[in-house]
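# Structure at a glance
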Amino acid sequence: MTELEEDCMAEKTYETESLVIHWKPDLCQHAAKCVKGAPDVFDVSRKPWIMPENGTTEEIKAVIDQCPSGALTYTENKERFNQISLKAQLY
């Protein structure tokens, strides 16, 4: 595998204030659950193809939970949330 191919297969992350979305292209089975479930967020015709700002946290989590291959996962962005909460408490 070339370096370019390895880079294309590397995990990509997309971050919001509340979530970190992980995409592992080498696991993707192209079931299209994501693009059908939240087409405003997941759109393979654009770059980047994942735009989490186009959906709600709950919508994105629900769609990712339907990914049959595990290529899409998420983690709660608690560190960022805690930073925002701390700033809010300071004011």
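Residues numbered from 1 in each chain as written. Predicted model: local features only at pLDDT ≥ 70, side-chain atom pairs only at ≥ 80, totals over all residues. Heavy atoms only, no water.

### Some words on the environment of I64
Positionally, I64 belongs in helix α3 (residues 57-64). On the basis of relative accessibility, which here comes to 4%, the residue I64 falls in the buried class. Separated by 31 residues in sequence, I64 and K33 place their C-alpha atoms 8.3 Å apart. Setting aside anything within four residues of it in sequence, one finds I64 in contact with I21, F42, L72, T73 and Y74. (Helix = DSSP H or I, 4+ residues; strand = E, 2+ residues; numbered from the N terminus. Buried < 20%, exposed > 50% of the residue type's maximum accessible area, 1.4 Å probe, protein only. Contact = heavy atoms within 4.5 Å.)

### Points about the confidence of the model for the protein
Looking at the protein as a whole, its pLDDT mean stands at 83, while 75% of the residues score no less than 70. Every residue in residues 2-7 is under pLDDT 50, and counting partners more than four places away or in other chains gives 2 contacts. With pLDDT under 50 throughout, residues 83-88 is counted as low confidence; its partners more than four residues away or in other chains account for 1 contact. (pLDDT = per-residue confidence, 0-100.)

### A look at α3
Along an α-helix, a turn takes 3.6 residues, which lines up residues three or four apart on a common side. Along α3, the residues that are buried comprise I60, K61, V63 and I64. All buried residues of α3 fall inside an arc of 165° around its axis, so they share one side. Turning to α3, the residues buried within the fold contact β2 (19-23), α2 (33-37) and β3 (72-76). (Arc of directions from axis to C-beta.)

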